[in-house]
Amino acid sequence: MKAVEVRELVKDYGNFRAINGISFEVNEGEIFGLIGPNGAGKTTALRVIATLLQITSGAVTVFGYELPKEAGEVRKIISYLPEEAGAYKNLTGKDYLNFIAKFFGEGEKFQNMVQRGLEIANLGERINDKVDTYSKGMTRRLLVGRALMVNPRLAILDEPTSGLDVINAQEVRRIINSSVEAGVAVLLSSHNMLEVELLCHRIALINDGIIVASGTVEELKKEYDAGNIEEAFVKAIK
Amino acid sequence: MIGNIIKKEFKELFVLSTLLPIVVIAIVFGLVGQTIGSVGERIEEKPVIGIVDMDGGDFSDTAMSVLTEKAEVIYDGSDAEEGLEEVREENGVALLVIPENFSQNIYANQPGEIEIYWIMRGAGMMDSISSGALEGLIQAVNQGISTKLIQEDSSFDPALVLAPTTRIDTTFFKEKEIEGLSPSALGNMLMSQSIVIPIVVMMLIIMAGSSVISSMGMEKENKTLETLLTLPVRRSHVVIGKMVGSALVGVIMAAIYMIGFSRYMTSFQFSDINLADFGLALGMPDYLLIGISLFTALLAGLSLCIVLGTFAKNYRSAQALVFPITALALISVFITMFKDFDTIPAVLKVLVFAIPFSHPMMAMRALMLDNYSLVIGGIAYTAVFTAIMIAVAVRIFNSDRLLTGSVQKRAGLGKLVWGLRR
């Protein structure tokens, strides 16, 4: 079964067409990247799949569940990490993980989730401090922990390493890879081409709401006779 | 440089979303003031009364001359029942009956009795203006009789000269006949008994409403809303969870406020009248109805707040959105304090009834006077209002508005019901 199937998806904001008939699929156990510049429609596409935005036209299914009709079922199996996400500032990091985990399980399942979240966030004793006192990098690590601790079938990650330094970004990429090894499908967006090459099994290049090319990194580099994916992207949108 | 900063601040703060509620509320207050009318004009109006003079003696003549000069007498006959009917029909204040032997008693150093049959139409502050004017007239009658007593003979008992008449008050208020109380005394008593609930309601609505609107503003400012909306929880549960959580915070804050306020109010308690003596005491079913009315009004207020909260872009804009709620609560308090629901013009009746917070404010007084239809009708209305507001809030939560400020069109009642299930 496909983790995500998007067919001719169109999304309008009033008179502005943010996505103009894109189609792609994400397989189970795969990291699929939506790559493009700011305003290309990456975040809109992720928000639609994460059940946050309505569909103007087209069809989206997540593990066979159709959106928006079965949005409730989709929310049970996904985890979404927005690019500019925050956590409740009056809670401690641990309380925040507890709060989220309660939506996904009870008893031992709940305890295991929180433990996994603590491990991924890796904030040491600071996990017991209020989120209000965290640096941007610490908050992001907490949020990555939150997103992956619930063992989603599909993780939707919008710029997962946004705001992180090199060491933390590398650690987050390692965590994403290990999640995929455990069977999670990942749909991520990024405009960091190096990250994409390191992380994604397949990618779609998106510009002005249209997918201009898709395939593996090697396929795209070969297709556009490019030394790296950044060069391939520039050639693809010309 | 400073001009540049002032210009930036002004541009940021002086926006349509902050201006519009204030303009709307200013218009509403203006309309309310215009509709209620001028207190000054009402005070200057002569009270409309009926008089039955069964004495025909010297002192009743004095009383009659004072009353006919300073009041608009619409009945001057000998049949008390007929006079009372006339006063009722002509929207008069009271029928004054001067019994036989009125003058004779005064000559015998006994105060003369005046029977006053009051027609009370409302228990608000402004409803007692006419009866207050008549109270002043009774003083003038006493003064006239005192002057006559002093002029005629200096051997009268000084106590009699100072207070030559006594009153026997009977007040007809809605379906009740209350003996021994004038409208002023009754109004004061009802006010002292029922003032606390409107203040509690107002504080609850403002405190809890402020919490729920701020909560929405903070979700957006702290960038937590997107995560919340992708969790496996129904939108209706998110809405109700926010409402109940805010209600609890509001109850705690209002309770703390009321501890101080009740101390303050006890210094104004002057009525030691027992309500049960006049058939105005409330029973357990009445208190239950007040509780239900208060609960439904709180839910209605919070559901309205959560809809307003969806318009908040951040914590600061959320604070501006609290203003309409505060203003609506204040309008309810002022109207119900100054006027009785039955005595306000039809336009205001619609406005007061439409504001859900008004109903618990009016409930206690209405129940004292056995007006169950107003209370039960109010509860039904606020329940329906709450259900509609929750449905609207859930629909907004299901739409793009929360994240983008615009709504993807999805018309139809079926879609609304479907949205509630999600």
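These numbers come from a predicted model, not from an experiment.

1. Let's talk about the interface of chain A and chain B
Taken together, the contact between chain A and chain B spans 30 residues of the former and 22 residues of the latter. Around 2,400 Å² of area is buried between chain A and chain B when both sides are counted, 54% of it from carbon and sulfur atoms. Of all residues in chain A, Leu52, Gln54 and Arg75 of chain A give up the largest surface area on contact with chain B, accounting jointly for 29% of the area buried on that side. Counting across the interface, chain A meets chain B through three salt bridges.

2. Topic: the nonpolar core
Of all hydrophobic cores here, the largest spans 170 residues; its most connected members are Ile49, Leu142 and Leu154 of chain A. Element by element, the count of residues in this core is highest for helix α10 (residues 196–221) of chain B, at 13 residues. Counting 27 residues, the second-largest nonpolar core is a separate cluster that includes Ile51, Phe59, Ile138 and Leu160 of chain B.

3. Quick word on the side chain of Ser332 of chain B
All names here are of chain B. One can find Ser332 in helix α14 (residues 315–338). Of the residues examined, Ser332 reaches a relative accessible area of 1% and is grouped as buried. In this structure the side chain of Ser332 is engaged in a polar contact, spanning 3.1 Å, whose partner is the side chain of Ser358.

4. Comments concerning the sheet that holds strand β6 (residues 176–179) of chain B
Residues and elements named next belong to chain B. Reading across from one edge, β2-β1-β3-β4-β5-β6 is the order of the six strands in this open sheet, with mixed pairing throughout. The sheet is open, and its two edges are formed by β2 (72–77) and β6, each paired on a single side. Each neighbouring strand pair of the sheet contributes to a mean axis angle of 20°, computed without reference to strand direction. Here nine bridges tie strand β4 (residues 112–120) to strand β5 (residues 165–173), and the two strands are oriented parallel to one another.

5. Comments concerning the layout of surface pockets
Estimates place the volume of the largest pocket at around 790 Å³. Elements with a minimum of two residues in the lining of the largest pocket: α1 (42–49) of chain A together with α1 (2–13), α2 (16–36), α10, α11 (225–229), α14 and α18 (401–404) of chain B. Partitioned by chemical class, the residues of the lining of the largest pocket number 13 nonpolar, nine polar and twelve charged. Roughly 540 Å³ of internal volume is contained in the second largest pocket. Taken together, 16 residues make up the lining of the second largest pocket; nearest its centre are Tyr88 of chain A together with Ser215, Met218, Glu219 and Lys242 of chain B. Of all the secondary-structure elements, those providing two or more residues to the lining of the second largest pocket are α10 and α12 (235–266) of chain B. Residues of the lining of the second largest pocket, tallied by class, amount to six nonpolar, six polar and four charged.

6. Remarks on a nonpolar patch on the surface
Residue and element names in this part refer to chain B. Taken together, the side chains of Phe10, Phe14, Leu19, Val23, Ile27 and Leu31 define a hydrophobic patch exposed on the protein surface, amounting to about 560 Å² of accessible area. With four residues, the top contributor of residues to the nonpolar patch is α2. Relative to the helices and strands, Val23 is located in helix α2. By relative accessible area, Val23 is classed as partly exposed at 39%.

7. A short note on a negative patch on the surface
All names here are of chain B. A cluster of acidic residues, Glu72, Asp79, Glu81, Glu82, Glu85, Glu89 and Glu90, forms a negative patch at the surface. Per-element accounting of the negative patch gives the leading share, four residues, to helix α5 (residues 80–89). Among the structural elements, Glu85 can be located in helix α5. We classify Glu85 as partly exposed; its relative accessible area is 42%.

8. Some remarks on the pattern of salt bridges
As a working rule, side chains carrying opposite charge can pair if their charged atoms are close by. Using the criterion set out here, one finds 20 salt bridges over all chains in the structure. We note a salt bridge from Lys221 of chain A to Glu197 of chain A, for which the minimum N-O separation is 3.3 Å. With Lys221 of chain A in helix α8 (residues 217–223) and Glu197 of chain A in helix α7 (residues 193–199), this residue pair connects regions lying 24 residues apart in the sequence. For Lys221 of chain A, a relative accessible area of 13% gives the class buried. Glu219 of chain B is paired through a salt bridge with Lys242 of chain B; the nearest N and O atoms lie 2.9 Å apart. Of this pair, Glu219 of chain B sits in helix α10 while Lys242 of chain B sits in helix α12, placing them 23 residues apart in sequence. In this pair, the class of Glu219 of chain B matches that of Lys242 of chain B, namely buried. Several salt bridges converge on common partners, so that one network encompasses Lys2, Glu5, Arg7 and Glu25 of chain A.

Calculation notes
Residues numbered from 1 in each chain as written. Chains lettered and ligands numbered in written order. Predicted model: local features only at pLDDT ≥ 70, side-chain atom pairs only at ≥ 80, totals over all residues. Heavy atoms only, no water. Contact = heavy atoms within 4.5 Å. Buried area = accessible area lost by both parts, 1.4 Å probe. Salt bridge = Lys/Arg side-chain N within 4 Å of Asp/Glu carboxyl O. Core = buried A, V, L, I, M, F, W, Y, C linked by side-chain atoms within 4.5 Å. Buried < 20%, exposed > 50% of the residue type's maximum accessible area, 1.4 Å probe, protein only. Helix = DSSP H or I, 4+ residues; strand = E, 2+ residues; numbered from the N terminus. Polar contact = N/O pair within 3.5 Å; in protein donor to acceptor, adjacent residues only side chain to side chain. Pairing = 2+ DSSP bridges. Axes fitted to C-alpha atoms, helices over the stretch in contact; angles between N-to-C directions. 1 Å grid on protein atoms, 1.4 Å probe; cavity = no way out; pocket = protein on both sides within 12 Å on 5 of 7 lines; lining within 4 Å. Points joined across faces, edges and corners; volume = space filled by probe spheres on them. Nonpolar A, V, L, I, M, F, W, Y, C, P; charged D, E, K, R; others polar. Patch = residues over 30% accessible without salt bridge, like charges linked within 9 Å, V, L, I, M, F, W, Y side chains within 5 Å. Areas by Shrake-Rupley, 256 points an atom, 1.4 Å probe, with all protein chains shown as cover. Lys, Arg positive; Asp, Glu negative; His and termini not counted. Charge placed at Lys NZ, Arg CZ, Asp CG, Glu CD.

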